[in-house]
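Spelled out, the chains give:
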Amino acid sequence: MSQTTTQQAEVASTATLAPEQMDVLDQLMKPEIQESLTVLVANLPKLAEMTTILTKTYDLVQTVANDKVLIDDLKGGMEEFVKPIQDKAKGIAQAAIEANDRSHVESSTIGLFGMLKMLKDPQVQKSLRFAQAFLEVLAERQQQNR
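Residues numbered from 1 in each chain as written. Predicted model: local features only at pLDDT ≥ 70, side-chain atom pairs only at ≥ 80, totals over all residues. Heavy atoms only, no water.

Novice: How would you sum up the overall build of the protein chain? Please name residues and give values.
Specialist: In terms of helices and strands, the protein chain carries 7 helices and 0 strands. Each helix and strand of the protein chain, placed in order from N terminus to C terminus, yields the pattern α-α-α-α-α-α-α. Put simply, the protein chain has 146 residues, and 0% of those count as buried. Carbon and sulfur atoms make up 64% of the accessible area of the protein chain, which totals about 13,600 Å². (Helix = DSSP H or I, 4+ residues; strand = E, 2+ residues; numbered from the N terminus. Buried < 20%, exposed > 50% of the residue type's maximum accessible area, 1.4 Å probe, protein only. Areas by Shrake-Rupley, 256 points an atom, 1.4 Å probe, with all protein chains shown as cover.)

Novice: Which residues make up the packing of aromatic side chains, and what values go with them?
Specialist: Scanning the model with the defined rule gives 1 aromatic pair in all. A centroid spacing of 6.1 Å and a plane angle of 15° characterise the contact between F130 and F134, whose relative ring orientation is stacked. Of this pair, F130 and F134 are both found in helix α7 (residues 122-145), 4 residues apart, which corresponds to roughly one turn of the helix. On the accessibility criterion, F130 (58% relative accessible area) is exposed. On the basis of relative accessibility, which here comes to 44%, the residue F134 falls in the partly exposed class. (Phe/Tyr/Trp six-rings, centres within 6.5 Å; stacked < 30°, edge-to-face > 60°.)

Novice: Could you give an account of the packing of helix α3 (residues 31-42) against helix α4 (residues 44-66), with specific residues and numbers?
Specialist: Contact geometry for α3 and α4: axes closest at 5 Å, N-to-C directions at 60°. Accordingly, the angle class assigned to the pair α3 and α4 is oblique. Taken together, the residues of α4 that come into contact with α3 (itself represented by L40, V41 and A42) are L44, P45 and L47. By residue class, the composition of the contact of α3 with α4 is 6 nonpolar, no polar and no charged. (Axes fitted to C-alpha atoms, helices over the stretch in contact; angles between N-to-C directions. Parallel < 35°, antiparallel > 145°, perpendicular 65-115°, else oblique. Contact = heavy atoms within 4.5 Å. Nonpolar A, V, L, I, M, F, W, Y, C, P; charged D, E, K, R; others polar.)

Novice: Quick rundown of the pattern of salt bridges? Include the residues and the values.
Specialist: Taken as a whole and judged by the stated rule, the model has 2 salt bridges. The shortest N-O distance in the salt bridge between K83 and D87 comes to 3.7 Å. Here K83 and its partner D87 are both found in helix α5 (residues 68-105), 4 residues apart, which amounts to about one turn of the helix. Among the ionic pairs, E98 bridges to R102, the shortest N-O distance being 2.8 Å. Residue E98 and its partner R102 are both found in helix α5; the two are separated by 4 residues, about one turn of the helix. (Salt bridge = Lys/Arg side-chain N within 4 Å of Asp/Glu carboxyl O.)

This is the structure:
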């Protein structure tokens, strides 16, 4: 009789549950859900540790992202690093533009003796050494790739 009373109490309490609660109870009765819950409970210490680490990481990122002084320092450091490269690139580009303009203005042809005279110029020698070294490096790399 007490078993019947218990069953009636369960039916009465189940009847008063909302449909959403019934869906949850139905889900909990499935074996695969119970197995998943068992795995979750077994891994709770690891999950808690991971959550702690993720929370600390999130706090650090938030602090760094909102720190205007650090952002300005990083920006300044990057500008100090990039500025010399930018200036050098601008100088090379200006020299190339000026050389192009000069080559279009001067219509004289360069003969054999003019080339021999140019070979004495230290800048021409430096450029030729660079070109030779560059071509040697390219040839070596091409040989290594074969």
